[in-house]
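These are the residues of each chain, in order.
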Amino acid sequence: MTIITRRKLITSAAIGAGGLLSGCDALNGSPTFQNILASAETANFTVQRALGDRMELASEYAVADLSPTFRANGTRDPGTADYTASAAQGFVDWRLRLTGLFSKPQQFSLDAIRSLPQRTQITRHDCVEGWSAIGQWTGVPLKILLDIAQLKSSAKFLVFHCADRLGGRPYYESIDLLDGYHPQTMLAHRLNGQPLPIENGAPLRLRVERQLGYKHAKYVTGIEAVASLAGIGEGKGGYWQDVANYEWYAGI
Ligand SMILES: Nc1nc2c(c(=O)[nH]1)N[C@H]1C(S)=C(S)[C@@H](COP(=O)(O)O)O[C@H]1N2
Ligand SMILES: [Mo]
């Protein structure tokens, strides 16, 4: 068994994720990350590899690799009166609300989101139903929003609330802070250089590139920071987890 030190672990994580270095302060302050570090002190090489894997970037592709059309799946239009009215006005009244365990809970208009630092990435989306598509996403890295709203150290999960319902239940998803601060995790508002189409989640959808398609919440209206997923939906962390026992952690 190889005993690894905290310092070595941080170094390997930073090498694995390049741009994540700037997120280290926030990660260091988070109880989840501290727990992982603490447990890693006695962990073997396999555990180090597993954590390293989670910090790595998903593959990025070239413009030439883009799928001719980016298929839509699940809800293609939330179809509620509120959503339809908002879409008709170009979503000028859309607000992304950050609630729960933030020191400065707040809300962002799309203009406010677009005025923050942006990232563009070309990645492959893998749906559990067996299809993939390569698309170019532009949006604000989630880390920037978490830092503005000052995520509290008691937060362990981020819950994404959506404007649509499936079978009468609101769609929602959740991720942990490792994915929350991952440099490719973003709230995207553009696909392939155009405003996000309604069928792909307009005006804002999560991209969490190390995970399967159902984690990528579309039509996001709110991010709730929580210490536990127990009080949300049926407590399994997402719509598909609640209705069909999908895995909460859907890493690829
Ligand atoms: N709000 C919401 N988000 C959602 C879904 C949905 O039905 N509602 N479907 C999920 C599934 S299963 C997949 S594969 C992707 C599909 O994204 P796309 O429509 O852009 O292809 O969105 C995910 N996010
Ligand atoms: Mo999916």
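Residues numbered from 1 in each chain as written. Chains lettered and ligands numbered in written order. Predicted model: local features only at pLDDT ≥ 70, side-chain atom pairs only at ≥ 80, totals over all residues. Heavy atoms only, no water.

1. Description of unusual backbone geometry
Cut-off, in case you're wondering: The numbering of helices and of strands both runs from the N terminus, where a helix is a DSSP run of H or I of at least 4 residues and a strand a run of E of at least 2. Here's how the labels work: a residue is buried when its accessible area is under 20% of the maximum for its type, exposed when over 50%, partly exposed in between, all with a 1.4 Å probe on protein chains only.
Cis geometry marks the peptide bond from A202 to P203, where omega comes out at 0 degrees. Mapping P203 onto the fold places it in the loop between strand 8 (194-195) and strand 9 (205-207). Positive phi, close to 60 degrees, is recorded for F91, a residue that is not glycine. Tracing the backbone shows F91 in the loop between helix 5 (81-88) and strand 1 (96-100). Looking at F91, the relative accessible area reads 10%, which means it is buried. Not every positive phi belongs to a glycine, and Y219 is a case in point at roughly 50 degrees. Along the polypeptide, Y219 turns up in the loop between strand 9 and strand 10 (220-226).

2. Observations regarding the pairing of strand 7 (residues 186-191)
Selection rule: In short, DSSP must find at least two bridges between two strands for them to pair.
With respect to burial, strand 7 is a largely interior element, five of its six residues being buried. Relative to strand 7, strand 4 (residues 132-141) is paired through five bridges, and the arrangement is antiparallel. Across the sheet, residue T138 finds its bridge partner in strand 7, namely R190. Bridging between strand 7 and strand 9 involves three bridges; their strand directions are antiparallel. In the strand pairing of strand 9, A188 is matched with R205.

Just geometry here; none of it tells us what the structure is for.
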